[in-house]
Amino acid sequence: MSKSVMNVKSNVKTVLDQLKGRKINNIYLVACGGSSAIMYSAKYILDRESQNITSDLYSSNEFIHRNPQQLGKESLVILCSMSGTTPETAEAAKFAKSKGAFTVALTNEPASPLAQNADLYIKYEWGNGVNAFDTNLSVLYQLVFGVLHIAENNEKFGKLVSSLENLQPVYEKALEQEASNARVFAQSHAKEPVIYTMASGSNYGTAYSFSICILMEMQWIHSHAIHAGEYFHGPFEIIDENVPFIILLGLDETRPLEERALSFSQRFGKKLTVLDAKQYDLDGIDEEVKGYIAPLILNRILRQYAEELAEARNHPLSKRRYMWKVEY
């Protein structure tokens, strides 16, 4: 076991030890942008697995302004920001504490305002070459399932952790499998003015993140993340032979929604990129948590697609017009 994996395990255990014996009636998942996107999968887990704890997901500033009436001493607030400097999220931690809630921050920067404002923080790793176990979504999963284990004796915690420990080889095989597809996608979509994404359930956050963070923020391509269940209630009118879609198929209970949307799209659309979690080798991933793990795999593959797209468009993923450059 690598030192970084041991550190993450130790940090998660420290937080869980502090939560033992604490009554938790509700969990609030609070973040912005890509950090908010990872919370969708955690919300799905809590909806499926929790017997007594309610949960909700908020963009950081709205969390403050909406001021949920149930937020209080029996609340756990989980916040995330890679840099820990997102002003709205750092302020949300202070706000939650002022209401008596217990706050846990996930960040890559232990000295950041978010880490300092929260009761406890867990450091995750970021970037190419980082082990899958140490990334933000993996750490979030460990925390959420850990809370369910200590609060409700959820028995999937151990299976989840061991599956995450086996995730890196799954990533590597999937990336190799998709390498040529990612290059073809990049070349064929380099000049597209709009690209839609679509998914449901635990995968929706992955589609949302790729839409707002990669296509809109990092590539300046018009996009929208369409929920597969909402597709037939308006958005499907946009599909034709010229409109590109990225459609994700996961392994959770909402897969039939994604399959239905794909089936219709194949009738009328031509520019469809389909990433299906069933097509990857999930050796070492426990059957009971495969539906939850699928978004991590799809997210990692989409990063490969993003890097190829940026190369084909000669538009680095680091390029910005406004973010960090003008006052907002």
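*Asks:* Can you break down the pairing of strand β1 (residues 26–31) residue by residue, with the values?
*Replies:* Counting buried positions along β1 gives six out of six residues, so the element sits mostly inside the fold. Side chains of β1 alternate between two faces, with Asn26, Tyr28 and Val30 and Ile27, Leu29 and Ala31 buried alike. The pairing of β1 with strand β2 (residues 54–59) spans six bridges and is parallel. Considered in β2, the bridge of tyrosine 28 is made with aspartate 56. The pairing of β1 with strand β3 (residues 75–80) spans six bridges and is classified as parallel. Paired with asparagine 26 across the strands is serine 75, a residue of β3.

*Asks:* Tell me about the sheet that holds β3, and please be specific about residues and values.
*Replies:* Ordered by their spatial adjacency, five strands build an open sheet running β2-β1-β3-β4-β5, and the pairing between neighbours is parallel. Pairing within the sheet leaves two strands with one partner each, and these edge strands are β2 and β5 (120–123). The mean inter-strand angle of the sheet, taken between neighbouring strand axes irrespective of direction, is 20 degrees. Two elements, strand β4 (residues 102–107) and β5, share four bridges in a ladder whose sense is parallel. Bridging from a neighbouring strand, valine 104 pairs with leucine 120 of β5. Contacts from helix α5 (residues 87–98) reach β1, β3 and β4, with the element oriented near 170 degrees to β3.

*Asks:* Which residues make up helix α7 (residues 136–152), and what are the values?
*Replies:* Between the first and last C-alpha of α7 there are 24 Å, a value that for 17 residues agrees with the 24 Å anticipated at 1.5 Å per step. For α7, the tally of buried residues reaches 13 of 17 residues, placing the bulk of the element in the interior.

*Asks:* For the pattern of salt bridges, give the residues involved together with the corresponding values.
*Replies:* For the structure shown, the criterion picks out 18 salt bridges. Glutamate 287 is the salt-bridge partner of lysine 290, the closest N and O atoms lying 3.1 Å from each other. Each of Lys13, Asp17 and Lys20 takes part in one network of salt bridges that share partners.

*Asks:* Describe in detail the packing of aromatic side chains, supporting the description with residues and values.
*Replies:* All chains considered together, the criterion is met by 19 aromatic pairs. Their ring planes at 65 degrees and their centres at 5.5 Å tell us that tyrosine 40 and tyrosine 204 sit as a pair that is edge-to-face. In this pair, tyrosine 40 is assigned in helix α3 (residues 39–49) and tyrosine 204 in helix α10 (residues 204–218), connecting sequence segments 164 residues apart. Note on tyrosine 231 and phenylalanine 245: the rings are 6.0 Å apart at their centroids and 65 degrees apart in plane angle, and the pair reads as edge-to-face. Taken as a pair, tyrosine 231 in the loop between β7 (225–227) and β8 (245–249) and phenylalanine 245 in strand β8 lie far apart in primary sequence, 14 residues in all. The class for phenylalanine 245 is buried, based on a relative accessible area of 0%. By way of ring pairs, the aromatic residues Tyr196, Tyr231, Phe232, Phe236, Phe245, Phe264 and Phe268 are connected into one cluster. It is arginine 260 that lies over the ring of phenylalanine 232; its NZ or CZ is 3.9 Å from the centre. Above the ring of tryptophan 220, the side-chain terminus of arginine 321 is found at 4.4 Å from the ring centroid.

*Asks:* Residues and numbers for the nonpolar core, please.
*Replies:* Of all hydrophobic cores here, the largest spans 74 residues; its most connected members are Ile78, Leu167 and Ile297. With eleven residues, helix α12 (residues 290–313) is the single largest residue contributor to this core. Of all hydrophobic cores here, the second largest spans 16 residues; its members include Val30, Phe63, Val77 and Leu79.

*Asks:* Can you break down the sheet that holds strand β9 (residues 272–276) residue by residue, with the values?
*Replies:* Taking strand neighbours across the sheet as the criterion, the four strands line up as β7-β6-β8-β9 in an open arrangement whose pairing is parallel. Two strands in the sheet have a free side with no partner beyond their single neighbour: β7 and β9. Put simply, the sheet's adjacent strands are angled 20 degrees from each other on average, direction ignored. Here β8 pairs with β9 via five bridges, running parallel. Paired with leucine 249 across the two strands is aspartate 276, which belongs to β9. Relative to strand β6 (residues 196–199), α10 is tilted by about 165 degrees, and along the sheet it contacts β6, β7 and β8.

*Asks:* Explain a nonpolar patch on the surface to me, using residue names and the numbers behind them.
*Replies:* On the surface, Tyr322, Trp324, Val326 and Tyr328 cluster together into a nonpolar patch covering about 580 Å² of accessible area. Here valine 326 lies in the segment after α12.

*Asks:* So what's going on with the packing of α3 against α7? Residues and values would help.
*Replies:* Running from N to C, α3 and α7 point in directions that differ by 20 degrees, and their axes come no closer than 10 Å. With respect to α7, the axis of α3 lies roughly parallel. The handedness of the crossing between α3 and α7 comes out as right-handed. Of α7, the residues touching α3 (which contributes Met39, Ser41, Ala42, Ile45, Leu46 and Glu49) are Leu137, Leu140, Tyr141, Val144, Phe145, Leu148 and Glu152.

Procedures and definitions
- Residues numbered from 1 in each chain as written.
- Predicted model: local features only at pLDDT ≥ 70, side-chain atom pairs only at ≥ 80, totals over all residues.
- Heavy atoms only, no water.
- Buried < 20%, exposed > 50% of the residue type's maximum accessible area, 1.4 Å probe, protein only.
- Helix = DSSP H or I, 4+ residues; strand = E, 2+ residues; numbered from the N terminus.
- Pairing = 2+ DSSP bridges.
- Axes fitted to C-alpha atoms, helices over the stretch in contact; angles between N-to-C directions.
- Contact = heavy atoms within 4.5 Å.
- Expected span 1.5 Å × (residues − 1).
- Salt bridge = Lys/Arg side-chain N within 4 Å of Asp/Glu carboxyl O.
- Phe/Tyr/Trp six-rings, centres within 6.5 Å; stacked < 30°, edge-to-face > 60°.
- Lys NZ or Arg CZ within 6 Å of the ring centre and 35° of its normal.
- Core = buried A, V, L, I, M, F, W, Y, C linked by side-chain atoms within 4.5 Å.
- Patch = residues over 30% accessible without salt bridge, like charges linked within 9 Å, V, L, I, M, F, W, Y side chains within 5 Å.
- Areas by Shrake-Rupley, 256 points an atom, 1.4 Å probe, with all protein chains shown as cover.
- Parallel < 35°, antiparallel > 145°, perpendicular 65-115°, else oblique.
- Left-handed = near helix turned anticlockwise from the far one by under 90°.

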